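A structural walkthrough
Okay, here's what each chain looks like letter by letter:
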Amino acid sequence: MVGMLSRAIKKCEKNPVIAEVKVHSPKHGDLLRGRNEIDILRAYERAGAVGISYITESKNFKGSFEVFKKICSSTELPVLRKDFITSKEDVERTAQAGGSAVLLIARILRDDIPEFADFAAEHGLDALIEVHSEDELEFALEARRAMIGINNRDIAKLELDDGNVTVTEKIAPLIPDGFLKVSESGISSIDDLRKALQYTNAVLIGTAFMRAEDPEKIVRVFVEARI
């Protein structure tokens, strides 16, 4: 169904938090630490996450498409696939696996963004178009049916930079009404959450949740925090 993630965000009565099941960080290393991805998923569900994100890229983030499929079949929450998508076959595979949304990186797809966003919608997927700069935003705004994700970190540096919500504060006001906006990465405190949600409709958090000893507890704090 088209728009499962976007609809969930719009209907959310608490803080819309997309929680990421993240196996590995180029900066922090092993984030799973012997835990099971489905156990993390269940913790996120119990805590009230509005959606789930999973990185399938294997070289730098140690993701697995098979695990993505397992997550999709194990939850009723909308699931976002994050990867360096470069082909329409990647989009089709995401839909076939039961995903609800797919990440499209403006820096990679550039002028092809509108075509890929439409193709995703035709296959029942929300397109989350990721930008990190004003130049990249120009490509994203050409898409008619999409959400725009503002990555507070520079994906070209594989999260090794110290990006924070000031990137969201700079770019989000440039996005016209009508686009659903998501602040991604670099969000680790309630103050970060508050700043991000002043400008966007939802947040996507992975590392901070995965580094916590009790993922369910920290996600619930973010979901239920008074903003």
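Everything numeric here is computed off the predicted structure, so don't read it as measured data.

This part takes up the pattern of salt bridges. The full count for this structure, using the stated rule, is 13 salt bridges. We note a salt bridge from glutamate 136 to arginine 107, for which the minimum N-O separation is 2.7 Å. Placement of the pair is glutamate 136 in helix α7 (residues 134–140) and arginine 107 in helix α5 (residues 106–109), with a sequence separation of 29 residues. With relative accessibility at 9%, the residue glutamate 136 sits in the buried group. According to the relative accessible area criterion, arginine 107 is partly exposed, its value standing at 29%. Each of the salt bridges in this network shares a partner with another, and the network as a whole consists of Arg46, Glu216 and Arg220.

This brings us to the nonpolar core. Considering soluble globular proteins, one finds that nonpolar side chains tend to be buried as a cluster. Formed by 35 residues in total, the largest nonpolar core has its most connected members in Tyr44, Ile71, Val203 and Phe209. Breaking this core down by element, the ones donating at least two residues are β1 (17–21), α2 (37–47), β4 (51–55), α3 (65–74), α9 (190–199), β10 (202–205), α10 (207–211) and α11 (215–224). When sequence neighbours within four positions are dropped, the list of residues in contact with phenylalanine 209 reads Val17, Ala19, Tyr44, Pro215, Ile218, Val219 and Phe222.

Let us now look at the packing of helix α4 (residues 88–96) against helix α6 (residues 113–122). In contact at an axis separation of 10 Å, α4 and α6 are set at 25° when each is read in the N-to-C sense. Overall, the two elements α4 and α6 adopt an arrangement that is roughly parallel. Taken as a pair, α4 and α6 cross one another with a handedness that is right-handed. Contacts between α4 and α6 involve Lys88, Val91 and Glu92 from the former and Glu115, Phe116, Phe119 and Ala120 from the latter. For the contact of α4 with α6, a count of residues per class yields four nonpolar, no polar and three charged.

Let us now look at α3. Of the positions making up α3, those classed as buried are Phe65, Val67, Phe68, Ile71 and Cys72. Taken end-on, α3 shows its buried residues confined to a sector of 155°, consistent with a single buried face. For α3, the exposed residues set more than 90 degrees away from the buried face come down to Glu66 and Ser73. The secondary structure elements touched by the buried residues of α3 are β1, α2, β4, β5 (79–82) and α4. A distance of 3.2 Å separates the backbone nitrogen of glutamate 66 from a side-chain oxygen at the start of α3, and that oxygen is part of serine 64.

Strands sit in the order β1-β4-β5-β6-β7-β8-β9-β10 around a closed barrel of eight strands; the barrel is parallel. The mean inter-strand angle of the sheet, taken between neighbouring strand axes irrespective of direction, is 25°. Inspection of the sheet shows strand β8 (residues 147–151) paired to strand β9 (residues 180–184) by five bridges, in the parallel sense. Directly across from glycine 149, in β9, lies its bridge partner valine 182.

This next bit is on the packing of aromatic side chains. Under the criterion given, the structure shown has three aromatic pairs. Judged by centre distance (5.7 Å) and plane angle (40°), the rings of phenylalanine 65 and phenylalanine 68 are tilted. Taken as a pair, phenylalanine 65 and phenylalanine 68 lie in helix α3 at a separation of three residues, close to a single helical turn. In this pair, the class of phenylalanine 65 matches that of phenylalanine 68, namely buried. Here the aromatic rings of phenylalanine 209 and phenylalanine 222 are separated by 5.4 Å at their centres, their planes lie at 85°, and the arrangement is edge-to-face. Of this pair, phenylalanine 209 sits in helix α10 while phenylalanine 222 sits in helix α11; the two residues are 13 residues apart in sequence, bridging distant segments of the chain. The exposure class of phenylalanine 222 is buried, given its relative accessible area of 3%. When the ring centre of phenylalanine 65 is taken as origin, the NZ or CZ atom of arginine 93, which lies over that ring, is 3.8 Å away.

Thresholds applied
Residues numbered from 1 in each chain as written. Predicted model: local features only at pLDDT ≥ 70, side-chain atom pairs only at ≥ 80, totals over all residues. Heavy atoms only, no water. Salt bridge = Lys/Arg side-chain N within 4 Å of Asp/Glu carboxyl O. Helix = DSSP H or I, 4+ residues; strand = E, 2+ residues; numbered from the N terminus. Buried < 20%, exposed > 50% of the residue type's maximum accessible area, 1.4 Å probe, protein only. Core = buried A, V, L, I, M, F, W, Y, C linked by side-chain atoms within 4.5 Å. Contact = heavy atoms within 4.5 Å. Axes fitted to C-alpha atoms, helices over the stretch in contact; angles between N-to-C directions. Parallel < 35°, antiparallel > 145°, perpendicular 65-115°, else oblique. Left-handed = near helix turned anticlockwise from the far one by under 90°. Nonpolar A, V, L, I, M, F, W, Y, C, P; charged D, E, K, R; others polar. Arc of directions from axis to C-beta. Polar contact = N/O pair within 3.5 Å; in protein donor to acceptor, adjacent residues only side chain to side chain. Pairing = 2+ DSSP bridges. Phe/Tyr/Trp six-rings, centres within 6.5 Å; stacked < 30°, edge-to-face > 60°. Lys NZ or Arg CZ within 6 Å of the ring centre and 35° of its normal.

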